[in-house]
Amino acid sequence: MTGNLAIIILAAGQGTRMKSRLPKVLHPIGGRPLVGHVLTTATRLAAQHIEVVVRHERDQVVAALTADYPDAVFIDQDDVPGTGRAVQVAVEALPADFDGDVLVLSGDCPLADVDTLSAFLGEHRASGAPATLMTAVVDDPRGYGRVIRDADGGVDRIVEQKDATDDEAAVREINAGMYVFRAATLRTYLPQVGVENAQGEMYLTDVPGLLRRDGDRVAASIVSDVTVTYGVNDRAQLALVGRLLNQRIVRRWQLEGVTVIDPATTWIDDDATLAPDVTILPNTQILRATSISAGATIGPDTTLVDCEVGEDATVRRTDATLAVIGAEATVGPFSFLRPGTVLGAKGKIGAYVETKNAEIGEGSKVPHLSYVGDATIGRGVNLGASTITANYDDVNKHRTEIGDEVHTGSHTVLVAPVRLGAGAKTGAGAVVRKDVPAGALAMTVAPQRNIEGWVEKNRAGTGAADAASRENSAE
Ligand code: UD1
Ligand code: CA
């Protein structure tokens with residue numbers, strides 16, 4: 001199947017209908033730019049050459065793709081507009097002796113998958129025709145080129161919407177914008193394509209008509225699943241295509257043994273990986289290169305970006321980025337894990353807790369209302385409710401180090417840089433500015449003094465004074 005193949009991906013257009021600062025082909029779905037999906041698929045087809053034709057915002061497009069797709073070659077389209085010119089410059093950049101097949105794809109059609117395109121290439125090769133079009137029969141053909149067939153049912157030519165007569169416009173078989181040509185066919189016919197049409201562009205879609213004029217044959221492959229041909233020209237189509245891609249990804253993981261309670265509100269990026277027996281509860285986003293191990297439960301209402309979640313961990317109502325959550329750990333509800341958070345096995349990050357650059361050892365707990373930043377915490381530690389690391393002195397960030405089995409009292413402030421030795425404790429409300437030796441108790445709050453009878457004397461007649469007198473006289 002790999003044969004002798006070049007793939008040309010068209011990505012030079014501006015995408016006017018997106019009304020965006022960002023070039024259309026860089027708009028993301030499933031954690032990747034539109035054209036990135038096309039490139040990912042192209043890479044899997046094992047072609048000898050992958051070319052991406054660029055022009056509009058070419059530097060931005062190239063910069064967004066080079067690192068992830070090192071095999072792709074970027075070809076600059078000149079001022080001559082149109083898909084025909086785009087393919088022509090790409091063909092001219094192929095080695096002069098390349099005589100294989102050229103698969104043409106659009107950077108704005110991200111749903112054509114490897115299976116569909118392999119079958120398409122197979123049909124082309126079996127037919128022996130110099131060109132094969134992918135077509136689809138749709139209810140609403142508006143905006144697409146129409147496939148005009150001759151009396152014996154063969155493809156005669158393609159007519160663009162803007163150049164179509166009423167009869168032609170009524171045809172419901174559309175050009176999907178994906179083609180295979182023999183390289184020699186493109187070299188012969190593209191120089192013959194003119195710009196005499198409604199848009200003043202060189203149309204790639206003129207090539208089939210020119211082949212027919214010379215008595216040659218053009219094959220067509222009608223796809224049964226029309227969604228693989230869906231392109232993105234505006235933001236409504238971006239949302240539709242994004243949802244279709246997500247449905248596909250969710251289904252793939254369901255078949256791999258992942259329970260997804262509500263596919264409609266579960267969003268999984270293409271790069272994420274999930275193990276069998278993971279459970280995803282509603283309203284959850286598993287983004288970028290997040291990986292989730294077996295038995296973990298994620299959600300509801302959770303967003304994980306580039307996170308690693310260990311076996312049997314539980315993460316609910318949480319927002320986390322670049323965090324590592326250990327096996328059997330629990331996170332949430334309402335937790336905010338920022339980059340560099342590493343929670344050990346069986347650890348806990350609880351309600352209204354924010355963490356950043358914090359290594360929290362095995363079995364250690366930060367259960368309630370805390371901020372832990374720039375900290376290294378040992379095993380079996382318990383930070384009392386509302387313990388805070390004061391890591392920033394307005395100029396620099398400093399680290400807090402906490403040894404094994406440390407327990408802090410509620411509302412402890414750890415003013416970094418500071419170190420608490422193993423087994424140390426702090427009293428409630430302690431403001432710890434100096435290191436605490438192993439096993440010591442740090443107290444910084446002045447002893448309590450009670451002024452008896454103060455309320456009855458100074459607040460006479462209030463509900464508090466009345467309640468106090470009742471309790472005091474009852475004794
Ligand atoms: C094109 C087809 C149409 C087909 C439809 C399928 C032509 C003339 N028309 O129309 O028959 O039904 O796709 O989706 O080919 N591009 C360039 N350089 C250019 C112009 C466009 O690289 O000068 C790229 C665009 O970035 C885009 C792709 O080619 O990725 C298609 O261009 P677009 O303007 O979206 O064509 P359609 O109007 O959709
Ligand atoms: Ca298009």
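Residues numbered from 1 in each chain as written. Chains lettered and ligands numbered in written order. Predicted model: local features only at pLDDT ≥ 70, side-chain atom pairs only at ≥ 80, totals over all residues. Heavy atoms only, no water.

## Details of the side chain of Thr132
Next, step 1: Along the chain, the position of Thr132 falls in strand β7 (residues 131-137).
Next, step 2: At 2.7 Å, the side chain of Thr132 forms a polar contact with the side chain of His124.
Next, step 3: Leave out the neighbours within four places in its chain, and Thr132 touches Phe120, His124, Ser127, Met178, Tyr179, Val180, Ala219, Ala220 and Ser221. (Helix = DSSP H or I, 4+ residues; strand = E, 2+ residues; numbered from the N terminus. Polar contact = N/O pair within 3.5 Å; in protein donor to acceptor, adjacent residues only side chain to side chain. Contact = heavy atoms within 4.5 Å.)

## Digging into the coordination of the calcium ion (ligand 2)
Next, step 1: At the metal site, the calcium ion (ligand 2) is ligated by Asp108 (OD) and Asn233 (OD1), and these contacts range over 2.6 to 2.7 Å. On the criterion of sequence distance, the pair formed by Asp108 in the loop between β6 (101-106) and α4 (114-127) and Asn233 in the loop between β11 (218-222) and α8 (235-255) is long-range, its members being 125 residues apart. (Donors = N, O, S within 2.8 Å, 3.2 Å for Na, K, Ca; no water.)

## Points about the nonpolar core
Buried together is how nonpolar side chains tend to be arranged in soluble globular proteins.
Next, step 1: Formed by 56 residues in total, the largest nonpolar core has its most connected members in Ile298, Leu304, Val309 and Ile325.
Next, step 2: For this core, the secondary structure elements donating two or more residues are α8, β28 (353-360), β30 (371-377) and β36 (418-420).
Next, step 3: Top contributing element to this core by residue count: α8, with 7 residues.
Next, step 4: Of the residues that make up this core, three or more belong to each of domain 1 (5-229) and domain 2 (257-442). (Core = buried A, V, L, I, M, F, W, Y, C linked by side-chain atoms within 4.5 Å. Buried < 20%, exposed > 50% of the residue type's maximum accessible area, 1.4 Å probe, protein only. Domains from an automatic or database assignment.)

## Quick word on the side chain of Thr355
Next, step 1: Structurally, the position occupied by Thr355 is in strand β28.
Next, step 2: Overall, Thr355 belongs to the buried group, its relative accessible area being 0%.
Next, step 3: Within the structure, Thr355 has its side chain in polar contact with the side chain of Thr341 (distance 2.9 Å).

## With respect to α4
Next, step 1: For α4, built from 14 residues, the straight-helix expectation of 20 Å at 1.5 Å per residue is met to within 8% by its first-to-last C-alpha distance of 20 Å.
Next, step 2: Residues Thr116, Leu117, Ser118, Phe120, Leu121 and His124 constitute the buried set of α4.
Next, step 3: Gly128 occupies a position one or two residues after α4 and carries a positive phi of about 75°. (Expected span 1.5 Å × (residues − 1).)

## Here's the deal with the domain arrangement of the protein
Next, step 1: Here the domain parsing of the protein yields domain 1 (5-229) and domain 2 (257-442).
Next, step 2: Summarising the inter-unit geometry, the C-alpha centres of domain 1 and domain 2 are found 48 Å apart.
Next, step 3: In this assembly, 4 residues from domain 1 lie in contact with 4 residues from domain 2.
Next, step 4: Buried surface at the junction of domain 1 and domain 2, both sides included, amounts to about 330 Å², of which 30% is carbon and sulfur.
Next, step 5: Three residues, Gly30, Gly31 and Arg32, lead the burial of domain 1 against domain 2; their summed loss comes to 90% of the area buried on that side.
Next, step 6: At the boundary of domain 1 and domain 2, one finds 2 salt bridges.
Next, step 7: With a closest N to O distance of 2.7 Å, Arg32 and Asp270 form a salt bridge.
Next, step 8: Run the count over domain 1 and domain 2 and you get 4 residue pairs in polar contact (both at pLDDT 80 or more).
Next, step 9: Of the residues in the side of domain 1 that touches domain 2, the class split is no nonpolar, 3 polar and 1 charged. (Buried area = accessible area lost by both parts, 1.4 Å probe. Salt bridge = Lys/Arg side-chain N within 4 Å of Asp/Glu carboxyl O. Nonpolar A, V, L, I, M, F, W, Y, C, P; charged D, E, K, R; others polar.)

## Digging into a nonpolar patch on the surface
Next, step 1: There is a patch of nonpolar side chains on the surface, built from Phe334, Tyr352 and Leu369 and spanning about 330 Å² of accessible area.
Next, step 2: In this structure, Phe334 sits in the loop between β24 (330-331) and β25 (335-337). (Patch = residues over 30% accessible without salt bridge, like charges linked within 9 Å, V, L, I, M, F, W, Y side chains within 5 Å. Areas by Shrake-Rupley, 256 points an atom, 1.4 Å probe, with all protein chains shown as cover.)

## A look at the pattern of salt bridges
Next, step 1: Applying the stated rule across the entire model yields 22 salt bridges.
Next, step 2: A salt bridge links Arg125 to Asp101, with the shortest nitrogen-to-oxygen separation between them at 2.8 Å. Here Arg125, found in helix α4, pairs with Asp101, found in strand β6; they are 24 residues apart in sequence, far enough to count as distant.
Next, step 3: Owing to a relative accessible area of 10%, Asp101 belongs among the buried residues under this scheme.
Next, step 4: In this structure, the salt-bridge partner of Glu362 is Arg379, at a minimum N-O distance of 3.4 Å. One end of the pair, Glu362, is in the loop between β28 and β29 (365-368); the other, Arg379, is in the loop between β30 and β31 (382-383), with 17 residues separating them in the sequence.
Next, step 5: Taking the relative accessible area as the measure of exposure, Glu362 reaches 40% and is therefore partly exposed.

## Remarks on the site of ligand 1
Next, step 1: Taken together, 24 residues surround ligand 1, and among them Gln77, Gly82, Thr83, Glu160 and Asn175 come closest.
Next, step 2: A distance of 2.8 Å is found between an oxygen atom of ligand 1 and a backbone nitrogen or oxygen belonging to Gly82.
Next, step 3: Contact between ligand 1 and Gly145: an oxygen atom at 2.9 Å from a main-chain N or O atom of the residue.
Next, step 4: With the chains in place, 88% of the 760 Å² that ligand 1 exposes on its own is no longer accessible.
Next, step 5: Looking at the shell around ligand 1, the elements that each hand over two or more residues are α3 (83-92) and β10 (173-182).
Next, step 6: Among the elements that make up the shell around ligand 1, the one with the highest residue count is β10 (3 residues).
Next, step 7: Taken together, the residues of the shell around ligand 1 sort by class into 8 nonpolar, 11 polar and 5 charged. (Near = heavy atom within 4 Å.)

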